[in-house]
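Coordinates in review
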Amino acid sequence: MAKLPTSVDSIIDQYGPHKAYTPKTGFQGVHEPDKLVKTHCCFCGMQCGIQLKVKDNKVAGFEPWMEFPFNEGRLCPKGVQRYLQNNHPDRLLTPIKRVEGKGFERTSWEEAMSKTVSEIERIQTTHGRDAFAMLSGVSLTNEKSYMIGKFARVALKTANLDYNGRLCMVSAGAGNKKAFGLDRISNSWEDLKHAKVIIIAGTNVSETFPTLTHYIWQARDNGAKLIVIDPRVTPIARTADLHLPVRPGGDSALFGAMLKILVDNDWLDHDFIDNYTSGFQESIDAVKDYDLAWAEEKTGVPAAKIQQAAEWWGKAKTSFLLHARGIEHHSKGVDNVLSCINLVLATGRIGKPYCGYGTITGQGNGQGGREHGHKCDQLPGNRDITNPEHRKYIADVWGIDEKDMPGKGLSAYEIIEAIHRGEIKGLITICFNPLVSLPNNNFVKEALEKLEYYVAIDFFLNETARHADIILPGSLHEEEEGTVTTAEGRVVKINEAVTPPGEAKRDSEIIIDLAKRLGAGDKFAYSKAEDIFNELRVASKGGTADYFGITYEKIEKNMGVFWPCPSEDHPGTPRLWEDKKFRTPDERAHFNPVPYREPSEVVDKEYPVVMTTGRVVSQYLSGSQTRRIGKLVDQYPEPLLEIHPKLAYQYGIKDGDQVTVKTRRGEATFPAQIVETIREDTVFIPYHWGGIHSANQLTIGTLDPVSKIPEFKVCACQLVPTGKMASVKVKETAYQSF
Ligand SMILES: Nc1nc2c(c(=O)[nH]1)N[C@H]1C(S)=C(S)[C@@H](COP(=O)(O)OP(=O)(O)OC[C@H]3O[C@@H](n4cnc5c(=O)[nH]c(N)nc54)[C@H](O)[C@@H]3O)O[C@H]1N2
Ligand SMILES: Nc1nc2c(c(=O)[nH]1)N[C@H]1C(S)=C(S)[C@@H](COP(=O)(O)OP(=O)(O)OC[C@H]3O[C@@H](n4cnc5c(=O)[nH]c(N)nc54)[C@H](O)[C@@H]3O)O[C@H]1N2
Ligand code: SF4
Ligand SMILES: [Mo]
């Protein structure tokens, strides 16, 4: 046995700063920190509070932040490991450039930036301004999101800016805007604890929002009935009173049939419908033929279960309906969302204590990042880039002529399609890994290879950036101050714990430098993050996402402020719609008729199995961050194909066998994990890997016509057992409960 080291320094010498471990202090307790910095987790939309331990300008561990009201110190496996990125050996420390035949070489900032600017100018002069596009991401703070929206329109002067939320919350956003005129969950999580019926549709909360399960369990302790709608018996479904194992793509039929049951039994809030909504009659006309037999056939859910769900929902005194990507990642994602909202409006359970509705926002700043002009059709405050008044207001804030502001651009996947067609020639990406995360990624790869110039800003060399000409080393979450808006609409403060290592720079410094070099320096004269936030406050003023009354001081004092917050003396709005004045033009909440549509690809003789994709607890998004963290990799090292024993038997597949999955887009091979927790006609593959392990080689690029979200959650596939065993030992279960 190796001799145990005796001092902290020798432990660090022997194992490296993050491997240091003593039985007494634990894995991360070795360093006596120089300081503890209160901030938030860099991963999902829960934005759990955490304290980072800083030693010698490095994040060396963490402590729980017990006082932060949402998570009260609780963290999930990703949250407790996130600190391992800061000093990771893969961290990009200098700009690098691709040299044909040689791979990547170190370059100077001056060369990297001047090359980038000259290529932007060359491409835009030759092919027009919109031939240079930008793709961004909402792991970035509100300040960076806002600034990137302004950068694209004022400095780069392109219409083609979009973001990774296009793959995430846009169906919910479009549904919310149609129905309520505003895009935010209606209540804070506190209200969830006291709701008597909770529907959770298409979200594996225990793995994707682990700290939220505490609230659901508290509701159950308080007597709530829990209904889970998912093709898999997810960990939360195992604790549910009712599980509806919907066939992927069937949700709007299910919700339509439930609406019909509410109407047939008069489980309706007539006062609310008559006085505060519009469009009820058209919506119920659209579902008049959706009887239980039809719904059972379309959804694969037994009629009795649909009836039971409708009855519990219909008779509930208080309720909460939550959904996430399971119902939104569809070519009818917006329809699915609207069919949920119809159930909420029919029973009038919104804008009251313990009665709430909303999507669970995915990425760390998925909420704030979708409000302040990061999207191809949007300006700050969730304003509309095609609306003349909105354009004028923002042009004035930015000090530009409204006529010089570009119009609506292409959405994320459409940008890739335009690159493929040769119309877009140049690209900047920041905080996005589209080669792993977009559907049909063989097509995405072809597109990337056609670019004349591509520059990526990231702290790791992700799969997409490998196609870049230049990569600029940006900053981690803990390396720049700012704010993010959590999934419940609470604006919280991200505090800088350390400065970027080596020659890496803060993301905002890189953007500001580029803006200066493109001749727009005077519009980006910020000296600190708070300057950007104060401009954002003014830009959002009067918009639906109004942050005007939020200041850094107020956030710190109250541990977050819920928007809308229109003035400095306003306390913020944890619960929306108490005044029943919706933000639609007629101030009513809108029902929307939802006629049922099939998914864009349905099973047939050639492709007889339904394929769906999603997440596991220990990996995050494209995996570029979590696939570098050893313990998370150990927990789930490679994607497994979840398959029901009956379907496996039909193909002669045994647990651990390698199975090739083929779709009309491509094929990939995965070890089978035989589980009884999935529908017999459906297989599930997590998508956090690139290259030959990527589930997105198989998925379909069909977009929702309104939200432009890709149909990640359903396509048709063939299964071909290869007769080989898996290369790694298959874990006993993909789930971990909390
Ligand atoms: N561990 C982990 N946590 C994360 C993330 C992560 O990558 N890893 N990402 C964050 C982000 S950005 C997001 S968007 C969220 C996503 O959070 P979720 O939406 O909870 O995650 P998914 O796994 O994409 O999908 C959820 C569920 O949808 C089900 N499903 C598939 N098809 C259908 C369908 O047609 N109808 C219904 N009703 N259900 C269906 C799947 O079986 C799956 O259990 O998670 C956030 N949190
Ligand atoms: N098949 C399938 N595909 C999916 C999904 C699915 O369920 N199924 N889900 C979709 C969803 S919901 C989402 S949100 C997308 C996400 O897809 P992506 O946005 O492509 O995934 P990320 O892993 O977040 O990629 C972000 C990159 O940003 C970098 N990054 C993170 N934080 C920062 C920062 O502060 N600054 C800088 N400069 N860089 C940063 C990371 O290192 C990483 O390389 O994937 C989508 N793709
Ligand atoms: S639940 Fe989300 S925010 Fe909280 S620790 Fe886990 S990944 Fe981080
Ligand atoms: Mo997401």
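See the structure shown above.
For the structure given in this document, a descriptive report is provided here.

Cut-offs used in this document
In this numbering scheme, every chain counts its residues from 1 along its sequence in written order. Just so you know, chain letters begin at A and ligand numbers begin at 1, following the order they were written in. Totals for whole chains, interfaces and linings use every residue, but because this is a predicted model, local features are given only for residues with pLDDT of at least 70 and side-chain atom pairs only at 80 or more, for both listing and counting. Side-chain numbers here rest on the full set of heavy atoms in the structure, without hydrogens or water. A 1.4 Å probe that fits but cannot get out identifies a cavity on a 1 Å grid over protein atoms alone, an open set with protein on both sides within 12 Å along at least five of seven lines counts as a pocket, and a residue lines either if it has an atom within 4 Å of a point. Grid points are joined across faces, edges and corners, and a volume is the space filled by probe spheres set on the points. Segments assigned H or I by DSSP are reported as helices when at least four residues long, segments assigned E as strands when at least two residues long, and all are numbered from the N terminus. Each residue is assigned to one of three groups, with Ala, Val, Leu, Ile, Met, Phe, Trp, Tyr, Cys and Pro labelled nonpolar, Asp, Glu, Lys and Arg labelled charged, and all others, Gly among them, labelled polar. Proximity criterion: a residue is near a molecule or strand once any of its heavy atoms comes within 4 Å of it. Geometry is summarised by axes, namely lines fitted to C-alpha atoms with helices restricted to the contacting stretch, and by angles between N-to-C directions that run from 0 to 180 degrees. Angles below 35 degrees are treated as roughly parallel, those above 145 as roughly antiparallel, those between 65 and 115 as roughly perpendicular, and all remaining angles as oblique. Put simply, a crossing is left-handed when the front helix is turned counterclockwise from the back one by less than a right angle, and right-handed when it is turned clockwise. What makes two residues a contact is simply this: any of their non-hydrogen atoms within 4.5 Å. What we call a nonpolar core is a set of buried Ala, Val, Leu, Ile, Met, Phe, Trp, Tyr and Cys residues that are connected through their side-chain atoms within 4.5 Å. For the exposure calls, accessible area comes from a 1.4 Å probe over protein chains only, and a residue counts as buried if that area is under 20% of its type's maximum, exposed if over 50%, partly exposed in between. Domain ranges listed in this record stem from an automatic or a database domain assignment. Pairing of aromatic side chains here covers Phe, Tyr and the six-membered ring of Trp, requires ring centres within 6.5 Å, and sorts the geometry by plane angle: under 30 degrees stacked, over 60 edge-to-face, intermediate tilted. Cation placement over rings: the criterion is NZ of Lys or CZ of Arg within 6 Å of the ring centroid and within 35° of the ring normal. The pairing criterion for strands is at least two bridges between them, as found by DSSP. Only one rule defines a salt bridge in this text: a Lys or Arg side-chain nitrogen within 4 Å of an Asp or Glu carboxyl oxygen. Polar contact is defined as a pair of N or O atoms within 3.5 Å, subject to the rule that within protein one atom must be able to donate a hydrogen and the other to accept it, and that residues adjacent in sequence are counted only when both atoms are side-chain atoms. Using the Shrake-Rupley algorithm and a 1.4 Å probe, accessible areas are obtained, with residue cover drawn only from the displayed protein chains. In this description, a molecule resides in a pocket or cavity if more than half of its atoms sit within 2 Å of the grid points defining it. When two cysteine sulfur atoms lie within 2.5 Å, the pair is treated as a disulfide.

**What to know about the layout of surface pockets**
Reported here for the largest pocket is a volume of approximately 370 Å³. Lining the largest pocket are 21 residues; nearest its centre among them are Ala174, Lys177, Lys375, Asp377 and Val706. Among the elements of the structure, α5 (170-180) and β15 (383-384) are those that each provide at least two residues to the lining of the largest pocket. Tallying contributions element by element places α5 first for the lining of the largest pocket, with 5 residues. When the residues that make up the lining of the largest pocket are grouped by side-chain class, the tally is 4 nonpolar, 7 polar and 10 charged.

**Here we look at the site of ligand 3**
The environment of ligand 3 is made up of Cys41, Phe43, Cys44, Gln47, Cys48, Leu75, Cys76, Lys78, Gly79, Pro210 and Thr211. When its residues are assigned to classes, the shell around ligand 3 shows 7 nonpolar, 3 polar and 1 charged.

**Side note on the packing of helix α13 (residues 292-299) against helix α14 (residues 303-315)**
Relative orientation and spacing of two packed helices are given, respectively, by the angle between their axes and the distance between those axes. Remark: α13 packs on α14, axes separated minimally by 9 Å, with the N-to-C direction vectors making an angle of 110°. Between α13 and α14, the angle is such that the two are roughly perpendicular. Crossing hand, α13 versus α14: right-handed. Along its contact with α13, which presents Leu292, Ala295, Glu296 and Thr299, the element α14 presents Ala303, Ile306 and Gln307. Class assignment for the residues of the contact of α13 with α14 results in 4 nonpolar, 2 polar and 1 charged.

**Thoughts on the nonpolar core**
Formed by 114 residues in total, the largest nonpolar core has its most connected members in Phe151, Phe180, Ile428 and Phe524. Here this core gets 9 residues from one element, more than from any other, and that element is helix α16 (residues 333-346). When residues are assigned to domains, this core turns out to be shared by domain 3 (96-162 + 372-484 + 498-545) and domain 4 (170-359), each giving three or more. If sequence neighbours within four positions are ignored, Phe180 has contacts with Ile341, Leu345, Ile350, Tyr357, Trp577, Phe582, Arg583, Thr584 and Ala589.

**Notes on the packing of aromatic side chains**
Aromatic rings in a pair are described by how distant their centres are and how their planes are angled relative to each other. One pass over the structure, following the stated rule, counts 20 aromatic pairs. Summarising the aromatic geometry, the rings of Phe459 and Phe460 are spaced 5.1 Å apart at their centres and angled 80° between planes, so their arrangement reads as edge-to-face. Here Phe459 falls in the buried class, since its relative accessible area comes to 12%. Given a relative accessible area of 0%, Phe460 falls into the buried group. One Lys or Arg, Arg232, reaches over the ring of Phe684 and ends 3.6 Å from the middle of that ring. Sitting over the face of the ring of Tyr276, Lys580 holds its NZ or CZ atom 5.6 Å from the ring centroid.

**Focus on the environment of Lys516**
By the secondary structure assignment, Lys516 is in helix α21 (residues 507-517). Separated by 397 residues in sequence, Lys516 and Glu119 place their C-alpha atoms 15 Å apart.

**Overview of the sheet that holds strand β13 (residues 356-359)**
Strand pairing in a sheet relies on backbone hydrogen bonds. The paired strands run either parallel or antiparallel. The strand order across the open sheet built from 5 strands is β10-β9-β8-β12-β13, with neighbouring strands paired in parallel fashion. Looking along the sheet, the strands with just one partner apiece sit at the ends: β10 (242-244) and β13. The mean angle between the axes of side-by-side strands here comes to 10°, regardless of whether they run parallel or antiparallel. Pairing geometry for strand β8 (residues 197-201) and strand β9 (residues 225-229), over 5 bridges, is parallel. In the sheet register, Ala201 faces β9, and the bridge partner there is Ile229. Against the sheet, helix α10 (residues 251-264) makes contact with β8, β9 and β10, and its axis sits at roughly 140° relative to β9, the strand it touches most.

**Topic: the sheet that holds strand β4 (residues 96-99)**
Read from one edge of the open sheet, 7 strands run β5-β4-β18-β17-β16-β6-β7, paired in mixed fashion. Strand pairing shows two members of the sheet lacking a second neighbour, β5 (103-106) and β7 (161-163), which therefore form its edges. Ignoring strand direction, the axes of neighbouring strands in this sheet form an average angle of 20°. Sheet topology places strand β6 (residues 132-136) next to strand β16 (residues 426-430); 4 bridges connect them, and they run parallel. Bridge assignment links Ala133 to a residue of β16, and that residue is Leu427. Taken strand by strand, helix α3 (residues 109-127) contacts β4, β6, β16, β17 (453-458) and β18 (470-473), and its axis lies near 135° from that of β17.

**A word on the pattern of salt bridges**
The tally for this structure, following the rule as stated, stands at 52 salt bridges. Here Glu110 ties to Arg517 by a salt bridge, and the two come within 3.0 Å at their closest N and O atoms. Of this pair, Glu110 sits in helix α3 while Arg517 sits in helix α21, placing them 407 residues apart in sequence. Several salt bridges converge on common partners, so that one network encompasses Lys115, Glu119, Arg122 and Glu452.

**Describing the site of ligand 1**
In the region of ligand 1, 35 residues are neighbours, and Asp230, Asp251, Arg615, Gln619 and Leu621 sit closest. At 2.7 Å from an oxygen atom of ligand 1 is found a side-chain nitrogen or oxygen belonging to Asp230. A distance of 2.6 Å is found between an oxygen atom of ligand 1 and a side-chain nitrogen or oxygen belonging to Arg615. Contact with the protein chains covers 100% of the free accessible surface of ligand 1, which is 910 Å². Under a 2 Å grid-point criterion requiring more than half of the atoms, the pocket assigned to ligand 1 is the second largest cavity. Of all the secondary structure elements, the ones that give two or more residues to the shell around ligand 1 are α7 (205-208), α15 (325-328) and β23 (609-614). In terms of residue count, α15 provides more of the shell around ligand 1 than any other element does, 3 residues in total.

**As for the state of the cysteines**
Summed over the entire model, instances satisfying the criterion amount to 0 disulfides. Cys355 provides the cysteine sulfur closest to Cys340, a residue in no disulfide bond, and the two sulfurs are 16 Å apart.

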